[in-house]
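Architecture at a glance
Take a look at the letters that make up each chain.
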Amino acid sequence: MNDGEMKLRVTPIGNGTVIDHIPAGQALNVLKILGIDRTTQATISLLMNVSSRRSGRKDIVKVEDRELKEEEVNKISLIAPGATINIIRDRRVVDKYTVDMPDLIVGVLRCPNPSCISNTNEPINSRFIVKSKNPVILRCVYCEQAIAENIADYLI
Amino acid sequence: MFAKRHVISMREFSREEIDSVLDLAESLEPYARGGGCDALSGKILALLFFEPSTRTRLSFETAMMRLGGKTLSLGPTEGSAMAKGESLADTIRVIGAYADALVIRHPKEGSARLASQFSPVPVLNAGDGAGHHPTQTLLDLYTIRKESRLEDLRIALVGDLKYGRTVHSLAYALALYGADITLVSPQTLEMPDRIKADLAGKGTMVRETHALEDVLGEVDVLYITRIQKERFPDPYEYQKVAKSYRIGAESLAGARDRLIIMHPLPRVDEIAPEVDETRHAVYFRQSFYGVPVRMALLKMLIGDRLE
Ligand SMILES: Nc1ncnc2c1ncn2[C@@H]1O[C@H](COP(=O)(O)OP(=O)(O)OP(=O)(O)O)[C@@H](O)[C@H]1O
Ligand SMILES: [Mg+2]
Ligand SMILES: [Zn+2]
């Protein structure tokens, strides 16, 4: 199935954001990072395991009537480094970019170190410095513990 | 050369910054020995110890008093009572408003970093769980510079290299000076790979051995740490290991003339008392050097701010 056919599956959206080229299986984690849960008012379409010319299978998330900001959407690069963001206006793609990992990840991941101060009820967000983007290596600003694998396991 | 507001981790120190601390400590050492000065008169240092530590606390207190300042302190009992009632962040905001700087020891890793984010005044980390204890590392470096040398140094780090945080940050700092480092530990207490990888990233390759005899004749410094009984499930195994790393007068027969022996103290029986009288023993002076080094940091953080 190509992109053309796929559009038949989901009605084209007038305005909003399409997050494309998400690794298959990560769409729900993308929503989690974006803070999109059952309380959301927006119309969301989720496509999982669609075939893609570029990468075998992929997931796609479409968020209607909301143009996601670059800094919020960049956080998904932790689990979907090749994702592309398409801003849709009047059914047309008017802007497109690949997510870029920020230098600092705030409030997205829980520190794996059980004796880290960030795992207590202090009034702070977890903070990780990105030491390397490829491969992904993060370091807790508080205890300096590194995260390099299974990043999705640490999503808050 | 020293623009820091807080002292949290050795990772944040460049070689130039370390040198500037050691230089100032050197010039303050005569005041540390007696008499003191009034560089920080009218200033208050708050000591927040959420975990017991007599040595470090007294050393900071002495340093502040030798500079003519005053201290107020929160002991472990008050500290833990406070910890139940309010967040560390709030405690820091409250006490930070009373004092000109805060010294904190806390069982949670990263607690000093958190304190620095909420404190209106400089924070000095005096140990955060298994995390950092930068003033210990700085006094170790001062001792090495003073009693041996930091250039072209050959040093053996001996004992518990797995859990001992002091050796991790010391190794890291020594890497900045290009030291030749040998790690001597029982197999079960070897330095973690991530620390070795970190050192390798700084261009320092370490050697490793299980036998102290292998290096005794070759090094300038023996840095001994305690091997804790609790790390061994089998008490017999502990006895065997502890014995093979014990330093006695006879183990020093093949040592270099100018070898110095260091230990962060308290020792249990890693070093026999007979060694205390030899020219190699510097561990009591090492502990004293904590005073001028902490004086230097306090003066830099509280006294000389260009704001
Ligand atoms: N109006 C729309 N409503 C819903 N989805 C849309 C709309 N317009 C584009 N898309 C989807 O957004 C993504 C990007 O669209 P585009 O037309 O740029 O496809 P493309 O040329 O395949 O891009 P790419 O090279 O990034 O894969 C596709 O998944 C497409 O199905
Ligand atoms: Mg496409
Ligand atoms: Zn942490």
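Keep in mind that what you see is a predicted model, and the values were worked out from it rather than measured. Within every chain, residues take consecutive numbers counted from 1 along the sequence as written. Here every chain gets a letter starting at A, and every ligand a number starting at 1, in the order they are written. Local features in a predicted model are, by the rule used here, given only for residues with pLDDT of at least 70; side-chain atom pairs are given and counted only at 80 or more, and totals for whole chains, interfaces and linings are based on all residues. Side-chain numbers here rest on the full set of heavy atoms in the structure, without hydrogens or water.

Once that is clear, we can look at the domain arrangement of chain A. Residue and element names in this part refer to chain A. Each assigned domain of chain A is listed here: domain 1 (16-98) and domain 2 (104-154). Throughout the structure description, domain borders are defined by an automatic or database domain assignment. For domain 1 versus domain 2, the separation of C-alpha centres amounts to 23 Å. Of the residues lining the interface, six residues belong to domain 1; the matching set on domain 2 comes to seven residues. Note on definitions: salt bridges are taken to be side-chain nitrogens of Lys or Arg within 4 Å of carboxyl oxygens of Asp or Glu. Between the two partners, domain 1 and domain 2, sit zero salt bridges. Polar contact criterion, stated in full: a pair of N or O atoms within 3.5 Å, where within protein one must be able to donate a hydrogen and the other to accept it, and residues adjacent in sequence count only if both atoms are side-chain atoms. There are zero residue pairs in polar contact (both at pLDDT 80 or more) connecting domain 1 and domain 2. Note on contacts: a residue pair is in contact if any heavy atoms of the two residues lie within 4.5 Å.

Note: α-helices contain 3.6 residues per turn, so residues at a spacing of three or four share the same orientation. Residues and elements named next belong to chain B. Runs of H or I in DSSP of at least four residues are treated as helices and runs of E of at least two as strands, each being numbered from the N terminus. One fewer than the residue count of a helix, multiplied by 1.5 Å, yields its expected span. The terminal C-alpha atoms of helix H6 (residues 134-147), which comprises 14 residues, lie 20 Å apart, in line with the 20 Å expected from a rise of 1.5 Å per residue. Partly exposed describes any residue whose relative accessible area lies between the buried limit of under 20% and the exposed limit of over 50%, with all areas from a 1.4 Å probe on protein chains only and scaled to the type maximum. Burial of H6 is extensive: 12 of the 14 residues sit out of reach of the surface. Taken residue by residue, H6 has Pro-134, Thr-135, Gln-136, Thr-137, Leu-138, Leu-139, Asp-140, Leu-141, Tyr-142, Thr-143, Ile-144 and Glu-147 as its buried positions.

Residues and elements named next belong to chain A. Only Cys-111 (SG), Cys-116 (SG), Cys-140 (SG) and Cys-143 (SG) from the protein coordinate the zinc ion (ligand 3), and they sit 2.3 Å from it. Taken together, the four donor atoms coordinating the zinc ion (ligand 3) and their angles of 99 to 115° define a geometry best described as tetrahedral. Water is not part of the atom set, so a site may look incomplete; the donors themselves are N, O and S atoms within 2.8 Å of the metal, or 3.2 Å for Na, K and Ca. Counting gaps between the donor residues of the zinc ion (ligand 3) yields the pattern C-x4-C-x23-C-x2-C. Placement of Cys-116 in the loop between strand S6 (104-106) and strand S7 (127-133) and of Cys-140 in strand S8 (residues 136-140) is noted, with a sequence separation of 24 residues between them. Judged by its relative accessible area of 2%, Cys-140 falls in the buried class. For a four-donor site, all angles between 85 and 135 degrees give tetrahedral; for four or six donors, opposite pairs above 155 degrees with the remaining angles between 65 and 115 give square planar or octahedral; all remaining cases count as irregular.

Note that side chains of opposite charge can pair when their charged atoms are close. Residue and element names in this part refer to chain B. For the coordinates displayed, the defined rule picks out 27 salt bridges over all chains. Here Asp-23 and Arg-145 are joined by a salt bridge, their closest N and O atoms 2.9 Å apart. Of this pair, Asp-23 sits in helix H1 (residues 15-33) while Arg-145 sits in helix H6, and the two are 122 residues apart along the sequence. For Asp-23, a relative accessible area of 43% gives the class partly exposed. Look at Arg-145 and you get partly exposed, because its relative accessible area is 24%. Between Asp-160 and Arg-231 there is a salt bridge, with the nearest N and O atoms lying 3.7 Å from each other. Of the two residues, Asp-160 is situated in the loop between strand S5 (154-158) and helix H7 (165-176) and Arg-231 in the loop between strand S8 (221-224) and helix H10 (235-244); the sequence distance between them amounts to 71 residues. For Arg-231, a relative accessible area of 35% puts it in the partly exposed group. Taken together, the shared-partner salt bridges connect Asp-23, Glu-26, Glu-29, Arg-33, Arg-145 and Lys-146 into one network.

What follows covers the sheet that holds strand S1 (residues 44-49) of chain B. Residue and element names in this part refer to chain B. Two strands qualify as a pair provided DSSP detects at least 2 bridges between them. Taken in spatial order, the four strands of this open sheet run S2-S1-S3-S4, and their pairing is parallel. Looking at which strands have only one partner, the edges of the open sheet turn out to be strand S2 (70-74) and strand S4 (123-128). Ignoring which end each strand starts from, the neighbouring axes of this sheet average 15° apart. Pairing of S1 with strand S3 (residues 101-106), which is carried by five bridges, proceeds in the parallel orientation. By the bridge assignment, Leu-48 is partnered in S3 with Ile-104. Contacting S1, S2, S3 and S4, helix H2 (residues 54-66) crosses the sheet at an angle of about 175° to S1. Lines fitted to C-alpha atoms define the axes here, with helix axes fitted over just the stretch in contact, and angles between the N-to-C directions of these axes take values from 0 to 180 degrees.

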